[in-house]
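A look at the structure
Here's the letter readout for the chains.
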Amino acid sequence: MTVTPLDVVKIRLQAQKNPFPKGKCFVYCNGLMDHICVCENGNSRAWYKAPGHFSGTLDAFIKIVRREGIKALWSGLPPTLVMAVPATVIYFTCYDQLCAALRFRMGDYSQEAPLLAGAIARVGSATVISPLELIRTKLQSQKQSYRELTDCIRSAVQSEGWWSLWRGLGPTLLRDVPFSAMYWYNYEKGKSWLCERYNTREPTFTITFMSGAASGSFASVVTLPFDVVKTRRQVELGELQAKNLSSQVSSSTFSVMRRIVAQDGFGGLFAGFFPRLIKVAPACAIMISTYEFGKAFFRKHNQERILVPLQTSST
């Protein structure tokens, strides 16, 4: 709930399209007459910005609150909460079990086990929750009622089949699988290094928090272009259907990347950089430190439950 507004702003920044592609003309009406304007010097940044265009993170916050109310910053929260429970359960359970099994089987290469375990666990959880993420992204990208969203999804299923609910799964996996692989590998390395530095066998809450924040920040920056592509493809679900372009426009990951670069330049692949970074770093830190604390607590509790009967029987 704390980082949802940052997620909303990130998706709005990524979903907006630059209305003035490079080298193109556009017509601007000031209410009295039309003016033909040209984007000069091959620069897509025109002097006129259409209403709703966000120039940055703070600008997006202000305009969303001013036009749609402060509640809009928490749009898509119900599917986010519904998505969080199964995703977290599947993801962490799979990671722990896979990591333990791979470390046992990989022998001398056991240090690379978190990398493989994180990647495989993410494939499973991302595939299961992909339809919920599609709904969340549509709700956050523009102000939309649940009825309008239901009509959009129903028309998509009728025209493209149930697979349309997994639209954007490809770039989601391209973003999340490398993210998880890098995150868990760097987290385990960082945690081990900090434990050695502070001469402690068990990682403290501070150690897990710092390791989670650092590894999450690095992974989020590297995988940001795929996050932009995922958002663009999912938001286009209703737009392409309304224009009858579903079968005419290629929606492959690298085709969308080429379109983004053509419209917005290379920087378009890193839209929403700042809100993604300040959202992912604390989210990863809170998630992993809470998880490690809970795991240590219940491990200690289970050990005490086993030891008490043994001590009683021995006396």
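Predicted model only: the values in this text are computed from it and were never measured.

The rules behind each value
- Every chain begins its residue count from 1, and numbering advances along the sequence as written.
- Local features in this predicted model are restricted to residues whose pLDDT is 70 or higher, and side-chain atom pairs enter the listing and the counts only when it is 80 or higher, whereas totals over whole chains, interfaces and linings include all residues.
- Hydrogens and water are ignored here; the side-chain numbers use all heavy atoms of the structure.
- Pairing of aromatic side chains requires ring centres within 6.5 Å, counting the rings of Phe and Tyr and the six-membered ring of Trp. Pairs whose planes differ by under 30 degrees are stacked, by over 60 edge-to-face, and all others tilted.
- By definition here, charges over rings are those cases where NZ of Lys or CZ of Arg is within 6 Å of the ring centre and within 35 degrees of the ring normal.
- For this analysis, a nonpolar core means a set of buried residues of the types Ala, Val, Leu, Ile, Met, Phe, Trp, Tyr and Cys, connected via side-chain atoms within 4.5 Å.
- Note on classification: 1.4 Å probe, protein chains only; a residue is buried when its accessible area is under 20% of the maximum for its type, exposed when over 50%, partly exposed between these limits.
- A helix here means a DSSP run of H or I that spans at least four residues, while a strand means a run of E at least two residues long, and both kinds are numbered starting from the N terminus.
- Note on contacts: a residue pair qualifies if any of its non-hydrogen atoms lie within 4.5 Å across the two residues.
- A helix is expected to span 1.5 Å multiplied by its residue count minus one.
- Axis geometry follows a simple rule: fit a line to the C-alpha atoms, using only the stretch in contact for helices, then measure angles between N-to-C directions, giving values from 0 to 180 degrees.
- Working rule for angles: under 35 degrees goes down as roughly parallel, over 145 as roughly antiparallel, 65 to 115 as roughly perpendicular, anything else as oblique.
- All residues other than Ala, Val, Leu, Ile, Met, Phe, Trp, Tyr, Cys, Pro, Asp, Glu, Lys and Arg, Gly among them, are scored as polar; the first ten of these are nonpolar and the last four charged.
- A carboxyl oxygen of Asp or Glu within 4 Å of a side-chain nitrogen of Lys or Arg is what we treat as a salt bridge.
- For this analysis, a polar contact is any N or O atom pair within 3.5 Å, provided that within protein one partner can donate a hydrogen and the other can accept it, and provided that sequence-adjacent residues contribute only side-chain to side-chain pairs.
- For every residue, the predictor states its confidence as a pLDDT score lying anywhere from 0 to 100.
- Put simply, a patch holds well-exposed residues, over 30% relative accessible area, that have no salt bridge, with like charges counted together within 9 Å and Val, Leu, Ile, Met, Phe, Trp or Tyr side chains within 5 Å.
- Throughout, the Shrake-Rupley method with a 1.4 Å probe supplies accessible areas, and for residues the shown protein chains are the sole cover considered.

1. Quick notes on the packing of aromatic side chains
Counted under the stated rule, the structure contains 12 aromatic pairs. Clustering of aromatic rings is evident, with ring pairs tying together Y91, F92, Y95, F179, Y183, W184, Y187 and Y291. Here R122 stacks its cationic end above the ring of Y91, 4.0 Å away from the centre of that ring.

2. Section: the nonpolar core
With 17 residues, the main nonpolar core has Y95, F179, Y183, W184 and I288 as its most contacted residues. Going through the elements one at a time, α3 (77-106), α4 (113-141), α6 (169-197) and α10 (273-314) are the ones with two or more residues in this core. When sequence neighbours within four positions are dropped, the list of residues in contact with F179 reads G216, A219, S220, T223, R276, V280 and C284.

3. Digging into unusual backbone geometry
Here the phi dihedral of N199 falls at roughly 55°; this positive angle occurs in a residue that is not glycine. The residue N199 is located in the loop between α6 and α7 (205-222) in this model.

4. Some words on helix α9 (residues 253-264)
Residues spaced three or four apart along an α-helix face the same direction, because each turn holds 3.6 residues. Look at α9: 16 Å from first C-alpha to last across 12 residues, which is about the 16 Å you get at 1.5 Å a residue. All buried positions along α9 are accounted for by T253, S255, V256, M257 and I260. Looking at the residues trailing α9, positive phi occurs at G265, about 80°.

5. A word on the packing of helix α1 (residues 4-15) against helix α2 (residues 57-68)
Closest axis-to-axis distance for the α1/α2 pair is 10 Å, and the angle between their directions is 100°. In terms of orientation, α1 lies roughly perpendicular with respect to α2. Two secondary-structure elements touch here, α1 through P5, L6, V8, V9, R12 and L13 and α2 through T57, A60, F61, I64 and E68. In terms of residue class, the contact of α1 with α2 is made up of 8 nonpolar, 1 polar and 2 charged.

6. Here we look at the pattern of salt bridges
All told, the structure shown has 6 salt bridges when counted by the stated rule. In this structure, the salt-bridge partner of D96 is K295, at a minimum N-O distance of 3.7 Å. Here K295 lies in helix α10 and D96 lies in helix α3, a separation of 199 residues in the sequence.

7. Focus on the side chain of S215
Looking at the element boundaries, S215 is found in helix α7. The class for S215 is buried, based on a relative accessible area of 3%. Reaching out from S215, the side chain makes a polar contact with the backbone oxygen of G212 at a distance of 3.3 Å. Those residues in contact with S215 that lie beyond four places of it in its chain are Y183, N186 and Y187.

8. Brief notes about the confidence of the model for the chain
Looking at the chain as a whole, its pLDDT mean stands at 76, while 74% of the residues score no less than 70. Least confident of the elements in the chain is strand β1 (residues 25-29), whose mean pLDDT is 38; most confident is α7, at 92. Below a pLDDT of 50 lies the segment residues 19-51, which in the model reaches 45 contacts outside its immediate sequence neighbourhood of four places, other chains included.

9. Overview of the side chain of S125
Summarising the element assignment, S125 is placed in helix α4. The class for S125 is buried, based on a relative accessible area of 1%. Within the structure, S125 has its side chain in polar contact with the backbone oxygen of R122 (distance 3.3 Å).

10. Concerning α6
Here α6 spans 40 Å end to end across 29 residues, near enough to the 42 Å set by a 1.5 Å rise per residue. Once α6 ends, the next one or two residues include N199, with phi positive near 55°.

11. Some thoughts on a nonpolar patch on the surface
Taken together, the side chains of F205, F209, I286, F293, F297 and F298 present a nonpolar region at the surface, about 650 Å² in accessible area. Looking at the nonpolar patch, the elements that each hand over two or more residues are α7 and α10. Looking at the nonpolar patch element by element, the count peaks at 4 residues for α10. In this fold, F205 is placed in helix α7.

12. A closer look at the environment of L116
Within the element layout of this structure, L116 appears in helix α4. Sequence separation of L116 and L98 is 18 residues, and the distance between their C-alpha atoms is 8.4 Å.

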